[in-house]
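Read off the chains here:
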Amino acid sequence: MRAVLPLTSSFNTTVDNKNPIMQKVGNGRFFYRVALKYASSSLQLSAVNCGFKIEQTYTAVNDSSHVRKQSDDTWKLKLGEKVKVMITMTTTQRRYHIALVDYLPAGCEPLNTQLKGTLTGDTQSSVSRSKGADYYYGCPPYSTIGWPEHKNLRDERVEAFRSLL
């Protein structure tokens, strides 16, 4: 794709190769924004180690036969079943300003168990700290409230934030 952006109101693009070229014509500063969206050619991506290990398991709240892990490592959920998602994040060193974002499978939505009237079989918070991680290098945890300092329950994802892990 070739794009020539003059400092006037016109915008010209032609596609002649895969290398984008932008240039300024005239006096003044040239401001631009480049955004790229793409999809991998393979839907089975291998794990990447960038200092964190993330594991995710699904369990049914009402009937364990309604949630099954298939042989190809995909999960099969029964429509209408409440599912408890357990995400385990492991890191080997101190980390700052962590955002753990879990995108939900299609058709799922998070339940905020702290709201009165939310019917679940689990009385714990929707995002909570593991009981096994009470000490960090022999020191007590910085927060006894729970793992996240802030959490967001969105339609398509759940977000948990922590400034020091």
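Residue numbers restart at each chain and count upward from 1, following the sequence in its written direction. Per-residue local features of the predicted model are confined to residues with pLDDT of at least 70, and side-chain atom pairs are confined, for both listing and counting, to 80 or more; whole-chain, interface and lining totals are unaffected and use all residues. Side-chain calculation: all heavy atoms of the structure are included, whereas hydrogens and water are not.

Under the annotation held in an unreviewed UniProt entry, the protein chain carries the name Bacterial alpha-2-macroglobulin MG10 domain-containing protein and is attributed to Didymodactylos carnosus.

The quantity known as pLDDT measures the predictor's confidence residue by residue, on a range of 0 to 100. Per-chain confidence: the protein chain averages 74 in pLDDT, with 72% of residues scoring 70 or above. Here, residues are in contact when the closest pair of their heavy atoms is within 4.5 Å. Confidence drops under pLDDT 50 across residues 4-12; counting only partners more than four residues distant or on other chains, this segment forms 18 contacts. In the model, residues 128-145 has pLDDT below 50 throughout and makes 19 contacts with residues more than four positions away in sequence or in other chains.

What follows covers the pattern of salt bridges. For this document, the term salt bridge refers to a Lys or Arg side-chain nitrogen within 4 Å of an Asp or Glu carboxyl oxygen. Taken as a whole, this structure holds 5 salt bridges when the rule is applied. Aspartate 73 is paired through a salt bridge with lysine 69; the nearest N and O atoms lie 3.9 Å apart. The exposed category is assigned to aspartate 73, whose relative accessible area is 57%. Burial classes follow relative accessibility: with a 1.4 Å probe on protein chains only, a residue under 20% of its type's maximum area counts as buried, one over 50% as exposed, and anything between as partly exposed. Looking at lysine 69, the relative accessible area reads 49%, which means it is partly exposed.

Another aspect to go through is unusual backbone geometry. The phi angle at aspartate 73 is positive, at roughly 65°, despite the residue not being glycine. Secondary structure elements are taken from DSSP: a helix is a run of H or I of four residues or more, a strand is a run of E of two residues or more, and numbering for both begins at the N terminus. With respect to the element layout, aspartate 73 can be found in the loop between strand S5 (67-69) and strand S6 (75-77). With a phi close to 55°, histidine 97 is a non-glycine residue in the positive phi region. For histidine 97, the position within the fold is in strand S8 (residues 96-103). By relative accessible area, which is 67% here, histidine 97 ends up exposed.

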